[in-house]
Amino acid sequence: MSRYIFITGGVVSSLGKGLASAALGALLQARGYSVRLCKLDPYLNVDPGTMSPFQHGEVFVTDDGAETDLDLGHYERFTGRPATKTDSTTTGRIYLSVLNKERKGDYLGATIQVIPHITDEIKDFLKEKDGTADFILAEIGGTIGDIEGLPYLEAIRQFGNDIGRGNALYMHATLLPYIAAAGELKTKPTQHSVKELMSAGIAPDILLCRADRPIEEGDRKKIALFCNIPYERVIPALDANSIYDVPLAYNNEGLDAQVIKCFGLPDKAPALSTWKTISERIWQPEHTIKIAIVGKYTNLTDSYKSLNEALVHGGIANKTKVELKFVEAEIFEDESKIFELEDVNGILVPGGFGSRGTEGKIRAAQFAREKNVPYFGICFGMQMAVIEAARNLLGLKGASSTEFGPCDIPIVGLMTEWVKDNEKVARSNKDDMGGTMRLGAFPAMLKAGSKAAQAYNATEISERHRHRYEVDISYAKKLEEKGLLFSGLSPDGNLPEICEYKNHPWFVGVQFHPELKSKPFDPHPLFVAFVKAALEQSKLV
Ligand code: GLN
């Protein structure tokens, strides 16, 4: 049977609960245990796929095609365990399932209520995971006190009783705000948050106290006393300069040791050398480069979470600090603004949707191609690079994507069908917006000797996708004559997966999202190669 760790948060949102859960997962792994992390989000959307990245940050896609919360990205990056569809749920999904059962008559005419029907459905989600790992870490989204969160608290309270209190642990993350006028950190919000949690019947075993400065012993004692928790289980969780320092920092404060103790397991030293190496590489880089990210949501870097992290990983592999310059694509509609790209060693155009900013992205691709600046186009960034090539190398001025409306030369168009698990999947432009994309892992075949094949050191790969439109393969031959090689294709040869210029230091566009699979201890090969190319470029200037 698995042991369960439930993670809740109080006082404010954005406490970094997801990161804390992921870091604890990594620490338990370092002690030789297998872990599985999952997320329960109290909002009503069935999945975050249709939520604006402005509001909710990046949509993380799993191998099996689920559109999930970005916290699953943290889980994967810290534990290396690929997340799956069954690792996250939302209130929308829970209700959908209960209501479907009600319509089918599964409840035999019973009155359907939050307790026990909704709470049982939540418990079933948790139960499904039993036995799949030594520890199941379940994070409850939102903040204690939210109306939406109540059924989850009730469900995890019951669950702890069901499996026996020795098999469940409740960890609560809070904030100790610093009040400048008083010159001190305040413990009262934490006390109130714990009180609120206790009114739901849950007494936390461990408190993770976020603060922007060291927590004095007196404050820790006060929290221990008022919250009825042993002093050593009030864990200070101070702001870290790099998220990859968090496992080491929490270990230092005794988090994993206390968790092990709560479960009555033997305390043996964790193997932390990997995390130490990662931390050293981040803090003692040998080189520095600057990469421009030309995108649309540049005022909220959470919408490019995995991408930012993958660049850090590429830097770790090259002992290089990667500085990011976020550039709003729209500015390049004014051609004179192109100077903004003159001080960077590489240009990355990330995934995106909709027409705003596209002309700017196309300009950025053109600049990279003409000036021999390393370019990495991801999904939308590949589509824009191909449109640029069609317009400026083939002279097809009307080349565009049907995503922006009807156009003369739809070099990027809506996919009508593709193959998934040996079956054809079809869609039309009349389908719903939710759940109609090419989603999840698909294989691709690489041309031997290409930059892509060199980076991967393989000719067969599998990468995660999230898109509706495709580059039209029928232009491949003409583009290849102009130097743009389609070096990666779907196994049937119909869908372009990777393109690259033969006579350019490093210009690669990919139809998938390599950033989703990158990890600090296993950096994605394309990010390693891109950072390396940018590093070489930096030595030229
Ligand atoms: N909007 C494009 C498509 O749907 C690209 C999507 C993306 O970049 N993730 O094909």
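It should be noted that the structure appears before, not after, this text.
Treat the numbers as computed from the prediction; the structure is a model and nothing was measured.

(A) Representation of the site of the ligand in the model. Inspection of the region around the ligand gives Gly 351, Gly 352, Phe 353, Cys 379, Phe 380, Gln 383, Glu 403, Arg 466, His 467, Arg 468, Tyr 469 and His 513 as its neighbouring residues. Measuring from an oxygen atom of the ligand, one finds a backbone N or O atom of Phe 380 at 3.1 Å. Arg 466 is positioned with one of its backbone polar atoms (N or O) 2.9 Å from a nitrogen atom of the ligand. Protein contact buries 99% of the 290 Å² of open area that the ligand shows by itself. Looking at the shell around the ligand residue by residue, the classes come out as 4 nonpolar, 5 polar and 3 charged.

(B) Representation of the sheet that holds strand β24 (residues 496-501) in the model. Spatially, 9 strands are ordered β13-β12-β14-β15-β25-β24-β23-β20-β21 in an open sheet, and the strand pairing comes out mixed. Every interior strand has two partners, whereas the edge strands, β13 (320-328) and β21 (460-467), have only one. Sheet twist, expressed as the mean angle between neighbouring strand axes with direction ignored, is 25 degrees. The pairing of strand β12 (residues 287-295) with strand β14 (residues 346-349) spans 3 bridges and is parallel. Opposite Ile 293, over in β14, you have Leu 348 as the bridge partner. Its contacts with the sheet put helix α13 (residues 358-371) on β12, β14, β15 (375-378), β24 and β25 (507-510), and the angle it makes with β14 is roughly 150 degrees. The sheet strands contacting helix α17 (residues 525-540) are β12, β13, β14, β15 and β25, and the helix crosses β12 at an angle near 115 degrees.

(C) Local environment of the sheet that holds strand β2 (residues 35-41). Here we have 7 strands laid out as an open sheet, ordered β5-β2-β6-β1-β7-β10-β11, and parallel in their pairing. Every interior strand has two partners, whereas the edge strands, β5 (88-90) and β11 (234-238), have only one. Here the strands of the sheet are splayed against their neighbours by 20 degrees on average, with no regard to which way each runs. Its contacts with the sheet place helix α6 (residues 150-163) against β1 (3-9), β2, β5, β6 (135-140) and β7 (168-175), and it is angled at close to 155 degrees to β1. Packed onto the sheet, helix α10 (residues 255-262) meets β1, β7, β10 (206-211) and β11 and runs at close to 165 degrees relative to β10.

(D) Structural context of the packing of α13 against helix α14 (residues 380-392). Here α13 crosses α14 at 70 degrees, and the two axes come no closer than 8 Å. As the angle between them shows, α13 and α14 are arranged roughly perpendicular. Of the residues in α14, those in contact with Thr 358, Glu 359, Lys 361, Ile 362, Ala 365, Gln 366 and Arg 369 of α13 are Phe 380, Met 384, Ala 385, Ile 387, Glu 388, Arg 391 and Asn 392. Of the residues in the contact of α13 with α14, the class split is 6 nonpolar, 3 polar and 5 charged.

(E) Main features of a nonpolar patch on the surface. Taken together, the side chains of Tyr 95, Leu 99, Val 114 and Ile 115 make up a nonpolar region of the molecular surface, amounting to roughly 330 Å² of accessible area. Summarising the element assignment, Leu 99 is placed in helix α4 (residues 91-104). A relative accessible area of 45% places Leu 99 in the partly exposed class.

(F) The pairing of β25, seen in detail. Neither face of β25 is exposed, since Phe 507 and Gly 509 on one face and Val 508 and Val 510 on the opposite face are all buried. Counting the residues in the hairpin turn of β24 and β25 gives 5 residues.

(G) Region of interest: helix α7 (residues 188-199). A rise of 1.5 Å per residue sets the reference length of α7, with its 12 residues, at 16 Å; its end C-alpha atoms lie 17 Å apart and thus fit the reference within 8%. Contact partners of the buried residues in α7: β1, α6, β7, β10 and α8 (217-227). Positive phi shows up at Gly 201, right after α7, with a value of about 90 degrees.

(H) Focus on the environment of Ala 155. In this fold, Ala 155 is placed in helix α6. Classification of Ala 155 as buried rests on a relative accessible area of 0%. For the pair Ala 155 and Pro 116, spaced 39 residues apart in the sequence, the C-alpha separation amounts to 8.9 Å.

(I) Looking closely at the side chain of Gln 258. Inspection of the secondary structure assignment puts Gln 258 in helix α10. Residue Gln 258 is classed as buried on the basis of its relative accessible area of 9%. Beyond its immediate stretch of four places on either side in the chain, Gln 258 contacts Ile 206, Glu 232, Arg 233 and Ile 235.

(J) Layout of the packing of aromatic side chains. This model, assessed by the stated rule, comprises 16 aromatic pairs. Judged by centre distance (5.3 Å) and plane angle (15 degrees), the rings of Phe 78 and Trp 275 are stacked. In this pair, Phe 78 is assigned in helix α3 (residues 71-79) and Trp 275 in helix α11 (residues 273-283), connecting sequence segments 197 residues apart. As far as the burial class goes, Phe 78 and Trp 275 line up, both buried. Seen from their ring centres, Tyr 501 and Phe 507 are 4.7 Å apart, and the 80 degrees between their planes marks the pair as edge-to-face.

(K) Summary view of the pairing of β2. Among the 7 residues in β2, 7 count as buried, and that is most of the element. Both faces of β2 are covered, namely the face carrying Val 35, Leu 37, Lys 39 and Asp 41 and the face carrying Arg 36, Cys 38 and Leu 40. Here β2 runs beside β6; their pairing, made up of 6 bridges, is parallel. When the sheet's bridge partners are listed, Lys 39 is paired in β6 with Glu 139. Note that β2 and β5 share 3 bridges and pair parallel. From the neighbouring strand, Lys 39 faces β5, where its bridge partner is Ser 88.

(L) Highlighting the packing of helix α5 (residues 114-127) against α6. Look at α5 against α6: their axes get within 9 Å of each other, and the N-to-C directions meet at 65 degrees. Our pair here, α5 against α6, has a crossing hand that is right-handed. Residues Val 114, Ile 115, Ile 118, Thr 119, Asp 120, Ile 122, Lys 123, Leu 126 and Lys 127 of α5 lie in contact with α6, whose contacting residues are Pro 151, Tyr 152, Glu 154, Ala 155, Ile 156, Gln 158, Phe 159 and Asp 162. Its residues placed into classes, the contact of α5 with α6 shows 10 nonpolar, 2 polar and 5 charged.

Conventions used here
Residues numbered from 1 in each chain as written. Predicted model: local features only at pLDDT ≥ 70, side-chain atom pairs only at ≥ 80, totals over all residues. Heavy atoms only, no water. Near = heavy atom within 4 Å. Polar contact = N/O pair within 3.5 Å; in protein donor to acceptor, adjacent residues only side chain to side chain. Areas by Shrake-Rupley, 256 points an atom, 1.4 Å probe, with all protein chains shown as cover. Nonpolar A, V, L, I, M, F, W, Y, C, P; charged D, E, K, R; others polar. Pairing = 2+ DSSP bridges. Helix = DSSP H or I, 4+ residues; strand = E, 2+ residues; numbered from the N terminus. Axes fitted to C-alpha atoms, helices over the stretch in contact; angles between N-to-C directions. Contact = heavy atoms within 4.5 Å. Parallel < 35°, antiparallel > 145°, perpendicular 65-115°, else oblique. Patch = residues over 30% accessible without salt bridge, like charges linked within 9 Å, V, L, I, M, F, W, Y side chains within 5 Å. Salt bridge = Lys/Arg side-chain N within 4 Å of Asp/Glu carboxyl O. Buried < 20%, exposed > 50% of the residue type's maximum accessible area, 1.4 Å probe, protein only. Expected span 1.5 Å × (residues − 1). Phe/Tyr/Trp six-rings, centres within 6.5 Å; stacked < 30°, edge-to-face > 60°. Left-handed = near helix turned anticlockwise from the far one by under 90°.

Fair warning: the whole summary comes from geometry, so function is off the table for now.
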